[in-house]
Amino acid sequence: MHGQGRSKTSEYGQQLREKQKAKRYYGLLESQFRSYFDMAERRPGQTGENLLSICESRLDNVIYRLGFAMSRAEARQLVTHGHFTVNGRKVNIPSFLVKPGMVITLRERSRNIEKIKANVGANAFRQPPKWLEYDAANMIAKVVAVPAREDIALPIEEHFIVELYSK
């Protein structure tokens, strides 16, 4: 009888660890993460994969993936300070979700900021994910697809998160 109780506890612990890992990785608060989970549940397909796809589609994450920032926290700050446009409009909301067809551009006035230039130079070797097309010369990116699970190199077992929230 005791062994069974421990396995339930350790499974819950694993579920919690995976959720915390994902939240930390993307820099999300519990309420944000929960609302993304609810959104993922409503979408067709696997909830866990949908959840990671939604997190990947955040503008701050895209800015990080493109190499404009050295961390997601720095990317969040760059977005908040209004350095990027989406489809020609300034967006200063880090949680803004990009969709296929959207074009993300570093604003003209932001192109000479030393920190951004240094980040772009330091990250020039990094390949953007397959779901993003990036023109480094013009500092323009286009979202060409929804991020698929195989495009997200994240050591997270998202099924544990789904089990945790499905209780």
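Our subject is the structure that appears above.
Read on for a plain summary of the structure. In every chain, residue numbers begin from 1 and rise along the written sequence. This being a predicted model, a pLDDT of at least 70 is required before a residue's local features are given, and a value of 80 or more before pairs of side-chain atoms are given or counted; all residues contribute to the totals for chains, interfaces and linings. As a convention, hydrogens and water are excluded, and side-chain values are obtained from all of the structure's heavy atoms.

### What about the side chain of Arg58?
Position of Arg58 among the secondary structure elements: in the loop between helix H3 (47–56) and helix H4 (59–66). The exposure class of Arg58 is buried, given its relative accessible area of 2%. Residues are treated as being in contact if the distance between any of their heavy atoms lies within 4.5 Å. Ignoring any residue separated from it by four or fewer positions in sequence, one finds Arg58 in contact with Leu28, Gln32, Tyr36, Arg76, Pro94, Ser95, Phe96 and Leu97. Put simply, DSSP H or I for four residues or longer makes a helix, DSSP E for two residues or longer makes a strand, and each gets a number counted from the N terminus. Only protein chains enter the area calculation, which uses a 1.4 Å probe; residues under 20% of their type maximum are buried, those over 50% are exposed, and those in between are partly exposed.

### Re the environment of Met70
Tracing the sequence through the fold places Met70 in the loop between H4 and helix H5 (72–80). Sequence-distant contacts of Met70, that is, excluding residues within four places in its chain, are made with Tyr64, Asn119, Ala122 and Asn123.

### Overview of the pairing of strand S4 (residues 132–135)
Between any two strands, pairing holds if DSSP finds at least two bridges. Summarising the sheet, S4 and strand S5 (residues 140–143) pair through four bridges and their orientation is antiparallel. Each residue of the ladder has a partner; that of Tyr134, found in S5, is Ala141. The turn linking S4 back onto S5 is made up of four residues, and Met139 within it adopts a positive phi angle of 55°.

### A few points about the nonpolar core
For our purposes a nonpolar core is just a set of buried Ala, Val, Leu, Ile, Met, Phe, Trp, Tyr and Cys residues, chained together by side-chain atoms within 4.5 Å. Leu59, Ile63, Phe68, Phe84 and Ile104 are the most contacted members of the largest nonpolar core, which has 24 residues in total. Where this core is concerned, the elements lending two or more residues are H4, H5, strand S1 (84–86), strand S3 (103–106), helix H6 (114–122) and S5. Ignoring anything within four residues of it in the chain, the contact list for Ile63 reads Phe68, Ala69, Ala75, Val79, Phe84 and Ile104. Membership of the second largest hydrophobic core comes to 17 residues, among which are Tyr26, Leu51, Ile152 and Tyr165.

### Here we look at the sheet that holds S3
Pairing between the strands of a sheet is mediated by backbone hydrogen bonds and can be parallel or antiparallel. Within the open sheet, the five strands sit side by side as S2-S1-S3-S5-S4. Their pairing is antiparallel. Two strands bound the open sheet, and with one partner strand each, they are strand S2 (89–90) and S4. Here H4 sits on the sheet and contacts S1, S3, S4 and S5; the angle it forms with S4, its principal contact strand, is near 55°. Note on method: axes are straight lines fitted to C-alpha atoms, helices fitted across the in-contact stretch only, with angles between N-to-C directions ranging 0 to 180 degrees.

### Describing the pairing of S3
Sheet analysis places S1 next to S3, joined by three bridges and oriented antiparallel. The partner of Val86 across the bridge, within S3, is Ile104. One ladder, built from three bridges, connects S3 with S5; its direction is antiparallel. Pairing of Ile104 across the sheet is with Ala141, part of S5.

### Details of unusual backbone geometry
Most peptide bonds adopt trans geometry, and most residues besides glycine take a negative phi value. Positive phi values are uncommon outside glycine, yet Asn87 reaches one of about 55°. Checked against the element boundaries, Asn87 lands in the loop between S1 and S2. With relative accessibility at 46%, the residue Asn87 sits in the partly exposed group. Although it is not a glycine, Met139 sits at a positive phi angle of roughly 55°. Summarising the element assignment, Met139 is placed in the loop between S4 and S5.

Scope: geometric values only; no functional claims are made or implied.
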